Each structure stands twice: as C-alpha cells, then as structure tokens.
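Inside the fold
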Amino acid sequence: MNNQYIRISLRFVILILIQVLLLNNIHFLGYINPYIYIIFILLLPFETKRGTLLVLAFALGLSVDFFSNSLGIHAAATVFAAYFRPGVMSLITSRKEYEPGVEPSITDLGFQWFFMYSIIIVSLHHLVLFLLEVFRFSNFFSTLGHSILNTLFTVLFIILSQYIFYRKK
Amino acid sequence: MRNLINFFWRHSIFILFIALEFFSLLLVVNNNSYQKSVAFAWVSEKTGQIQSGYNDFWEYLSLKQANKKLAAENARYRSMLPSAFLITDTLVHYKKDTIYRQQYQMLTAEVISNSTNNPTNFMQLNEGKLQGINKDMAVINSSGVVGIVVNVSQNFSWVMSLLNKETRISARMKKNGQIGTIAWDGGSYRYASLKDIPTHVKVSKGDTIITSGYSHIFPQGEIIGIVSDFSIKPGEHFYDINVKLGVDFNNLSHVYIIRNLLRDEQKKLEEPVK
C-alpha cells in the first residue's frame, strides 16, 4: 500500500517535469502540444475516492499552470476530466472486473479498453483546455478541430508511453 | 435542516467539482490578461444591455411627462414666431439666447507656408493676435482636422500640423464611440495611425474617425479620416490602425480656426486637481 503511494507521488512529480520542461516546447505544426500529464488521472487506481480524485486533479493542473504561465486553465480542464472519469469507466465495460489492485492501464485491461478510455477522457480535457485558451465561442468549430487533432496526438503519446514504461505481465 | 445537510452530503462531490472549477475560472480571468480583457468586455456588454433595458423601461413610463414638456416647449416656440408679434414700430427684437450658449467660434484664414515632407511639419497662417487668434486653437478645413495653433505674432500664426510626430489628437470611432489617439509616424502625408483601440472592439475598413472633444481644443465630431487598413500584432492588446486623412495636406489654402469660448473655464476647473 505504502509502495503504491510513493509510486503515485513520484509519477505526479515526474509527469509535471516532463510536461513542463519537455513537451510544452514542442509546438508541432504551430499549436499541437501533447498534454501527457493527464495520464496521471487516467492511471489512478480504481478505488480512488472521487473527492481525492478531484483534489489531485486540481493540484496537478495548477502545478502545470504555474510553470506554463496560464494560471487556472489547466486546473479547470484537469478537474473537468477527472470529474467524468468514473462515469466514463462505467460507460465502457471490460472483460475484467474493476477490482482493487487492478490499475486502469493497458497491461491490466487491454489495448481496446484503454484506447477508448483515454480518448474520451483526453477529449474532455482538451476541449475545456482549448475553449479556455481561446475564451470565446465564436470560432467554436475551429477550436473543436484543434482540440480533436491535439487529442489524437496526446493519446498517441500516452499509448506509446504505456508500452515503454510497463512490462507485460 | 437535516434534509439540507443530507442534500449537501449527497452532492458533496458535485459541489466540490463546481467549487474547484469556479476557483480555476477565477484564476484564469484574474491572471491571464487576454482572458481578462475578453471577460471584461463581455461583462460590460451585458451590464450595458441590462442598464439600457432598465433605462428604456423607465423612459417608457415617463413618456406622458415628456410629452407634456414637449407640448409646453412647442407653445413657447410658437409664441416666438414673427406671426405671434404685433408689429408696432421699427424696433428690432434682440434676444439673448439662454438655451444654446455658443461655445465655438469660427475664424477664417489662409495658409501662407506649409510642408509635408519633414518629420515635424508646421504651417503659417496670414492672421494673428490682432485678428483674435490665440495659442491652442484648433485648425480645420472643410474636409477635416488640420492642426493646432502653437504660436501667434501680431499678424501671423504658427500651426503645428497633424503631420507632426509630436501631435496627439484625441479621436473617437464614430460608429461605436471608442476613444483612441491619432498620431503621425512619418511616412506618407495621406495617412496617420490610430492608437489605443483595444482588440475586442470591431473595426472595419471605411470606419469614420472623428475628434472626441476631450481636449478642449477641437469640438466634438470633426472628421479626421477613415480607416484604410488595420492589423493586430501577436501579443498586442491594441490594434494597429491606418487612417486615411480627410485633409489633403499638399493642397491646403483656406482653413477655419476654432475658438473655444469656454476653454478657460474648462481649464480652470481642472487646474486644482492636477
């Protein structure tokens, strides 16, 4: 149990550092930036309480905000995505039961489940993020287009990172 | 009471969610200048709409009174018509107007020297102190703003042209009342630039730019020019607007000089505060 807490805290810090120092500087095609730190919300264990989830999401988003000079934008988007995580989980069923000890990761629940799960959560996160960045509804469809393109990019990075950092059981 | 506590307890996650989102939005609006300006524009637009709706409502309620007032005014004007007077002798009626007090007086003059190709352009007029011209009077012609009198001698006056890097004239966009500043950055004598118009304002080609009347020199509503093109530099909060001047400075002969009769009073009012 203790081991798990340490692992999650380490993941929190490392993800923020990777996001802020490395990925925030990509600007692929001008505006595409993988926001991979959201994987922290994706990978929290099933039994995480909803309140804890929200508070962690807020802390994560706010930390990213502090470093990318956009106070509140990432925090709002991350809290939004975290709020809908349990709902998304019950929406997509999997072969395995959601039981304590099972992490919502590719190794535990398979590629197809994880792909669906991450694409929904990341879309929610990115839609809020981009809307807040643009801060007006007048060009809603171009904002939507940006966020969809960026979602694909982020999900690609998330799945790649899963294959790199998790060993097959 | 118990039910209320129960209610809050059951929805505590949702309330936490809303609270965190609200707090984040507050941070966004308070700490990001772009989002701040958009939010401010939105809020002031909405409050303006509410305000004007409220005004319309009260105006509607007081229509009857307004009608009465207008009728009384009409009656008074009718009694001033020549037909209301019986001509008894050859005396002329001389009336001191108490409704419209004259604020601006026009004088005419001719330009006797002028330039358009220096960074600081001036022109000379053929009238001076003896003809009633003083420092800080406005100079216009029939097609727009020309400049400001900066020095006078007995018979001549020296005018700082709008085509002068030092000249700043408070301007207003006619269609939406936005206030900016007209300045000349050198270059073509047909164009000047309009500054300080924030980017949330809608600007389009051909918008008329007029004087704002804030400087106590120019009366309100004198034409300066029209917008010829505009752009926003990335990261800037104000437009770069190019204005095609109404006046052709290379072809200038007759001008009007405007004397603000109330300028001293206006200045004196501001003096103790400055």
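Residues numbered from 1 in each chain as written. Chains lettered and ligands numbered in written order. Predicted model: local features only at pLDDT ≥ 70, side-chain atom pairs only at ≥ 80, totals over all residues. Heavy atoms only, no water.

1. Here's the deal with the overall build of chain B
From N to C terminus, chain B includes five helices and 12 strands. Restricting the contact set of chain B to residue pairs at least 6 apart, pairs at least 24 apart contribute 57%. Roughly 18300 Å² of accessible area belongs to chain B as shown, and the carbon and sulfur atoms make up 57% of that amount. (Helix = DSSP H or I, 4+ residues; strand = E, 2+ residues; numbered from the N terminus. Contact = heavy atoms within 4.5 Å. Areas by Shrake-Rupley, 256 points an atom, 1.4 Å probe, with all protein chains shown as cover.)

2. Overview of the packing of helix α3 (residues 50–68) of chain A against helix α2 (residues 12–31) of chain B
Packing of α3(A) against α2(B) leaves a shortest axis separation of 9 Å and a crossing angle of 10 degrees. As far as their axial angle goes, α2(B) and α3(A) are roughly parallel. Each of Arg50(A), Gly51(A), Leu54(A), Val55(A), Phe58(A) and Leu62(A) in α3(A) lies in contact with α2(B), whose residues at this interface are Ile13(B), Leu16(B), Phe17(B), Leu20(B), Phe23(B), Ser24(B) and Leu27(B). Residues of the contact of α3(A) with α2(B), tallied by class, amount to 10 nonpolar, two polar and one charged. (Axes fitted to C-alpha atoms, helices over the stretch in contact; angles between N-to-C directions. Parallel < 35°, antiparallel > 145°, perpendicular 65-115°, else oblique. Nonpolar A, V, L, I, M, F, W, Y, C, P; charged D, E, K, R; others polar.)

3. A word on the pattern of salt bridges
All names here are of chain B. Under the defined criterion, the tally for this structure stands at four salt bridges over all chains. As a salt-bridge pair, Asp185 and Lys195 come within 3.5 Å of each other at their nearest N and O atoms. One end of the pair, Asp185, is in the loop between β7 (179–183) and β8 (191–195); the other, Lys195, is in strand β8, and 10 residues separate them in sequence. Lys195 sits in the partly exposed class, given a relative accessible area of 33%. (Salt bridge = Lys/Arg side-chain N within 4 Å of Asp/Glu carboxyl O. Buried < 20%, exposed > 50% of the residue type's maximum accessible area, 1.4 Å probe, protein only.)

4. Quick look at the sheet that holds β7(B)
All names here are of chain B. Taken together, six strands build a closed barrel; the order of strands is β6-β7-β8-β11-β10-β9 and the barrel is antiparallel. On average, each strand axis in the sheet is tilted by 40 degrees relative to the strand beside it, whichever way the strands run. Pairing of strand β6 (residues 169–173) with β7, which is carried by four bridges, proceeds in the antiparallel orientation. By the bridge assignment, Arg172 is partnered in β7 with Ile179. (Pairing = 2+ DSSP bridges.)

5. A look at helix α1 (residues 2–22) of chain A
Residues and elements named next belong to chain A. If you check α1, its first and last C-alpha atoms are 30 Å apart, about what 21 residues at 1.5 Å a residue would give, namely 30 Å. Of the residues making up α1, those classed as buried are Gln4, Ile8, Arg11, Phe12, Leu15, Ile16, Gln19 and Val20. Down the axis of α1, the buried set is contained in an arc of 140 degrees. They therefore lie on one face. Exposed and facing more than 90 degrees away from the buried side of α1 are Asn2, Asn3, Ile6, Leu21 and Leu22. Packing partners of the buried residues in α1 comprise α2 (39–43) and α3. (Expected span 1.5 Å × (residues − 1). Arc of directions from axis to C-beta.)

6. Quick word on the sheet that holds strand β12 (residues 254–260) of chain B
With respect to topology, six strands assemble into a closed barrel ordered β1-β2-β5-β4-β3-β12 (chain B), the strand pairing being antiparallel. Averaged over all pairs of adjacent strands, the angle between their axes in this sheet comes to 45 degrees, without regard to strand direction.

7. Considering the packing of aromatic side chains
Under the definition given, this model contains 20 aromatic pairs over all chains. An aromatic cluster is present here, built from Phe80(A), Tyr83(A), Phe84(A), Phe14(B) and Phe17(B) joined pairwise through their rings. We note Arg50(A) situated over the ring of Tyr83(A); from NZ or CZ to the ring centre the distance is 5.3 Å. (Phe/Tyr/Trp six-rings, centres within 6.5 Å; stacked < 30°, edge-to-face > 60°. Lys NZ or Arg CZ within 6 Å of the ring centre and 35° of its normal.)

8. Digging into the pairing of β6(B)
Residue and element names in this part refer to chain B. Counting buried positions along β6 yields five of five residues, so the element is predominantly enclosed. On β6, burial covers both faces: Ile169, Ala171 and Met173 on one face and Ser170 and Arg172 on the other are all buried. The antiparallel hairpin formed by β6 and β7 contains five residues in its connecting segment, where Gly177 sits at a positive phi of about 75 degrees. Note that β6 and strand β9 (residues 208–211) share three bridges and pair antiparallel. Residue pairing across strands places Ala171 opposite Thr211, the latter belonging to β9.

9. Concerning the pairing of strand β1 (residues 104–114) of chain B
All names here are of chain B. Direction of pairing for β1 relative to β12: antiparallel, over a ladder of seven bridges. By the bridge assignment for β12, Met106 is matched with Ile258. Bridge count between β1 and strand β2 (residues 120–125): three bridges; the pairing is antiparallel. For Val111, the partnering residue across the bridge sits in β2 and is Leu125.

10. Some thoughts on the confidence of the model for chain A
Here chain A averages 86 in pLDDT, while 92% of its residues score no lower than 70. By mean pLDDT, helix α6 (residues 106–109) of chain A is the weakest element of chain A at 80, and helix α4 (residues 73–83) of chain A is the strongest at 94. (pLDDT = per-residue confidence, 0-100.)

11. Focus on a nonpolar patch on the surface
Residue and element names in this part refer to chain A. Taken together, the side chains of Ile6, Leu10, Val13, Ile14, Leu17, Ile18, Leu21 and Leu22 present a nonpolar region at the surface, about 750 Å² in accessible area. On the secondary structure map, Ile18 appears in helix α1. Classification of Ile18 by relative accessible area gives partly exposed; the value is 33%. (Patch = residues over 30% accessible without salt bridge, like charges linked within 9 Å, V, L, I, M, F, W, Y side chains within 5 Å.)

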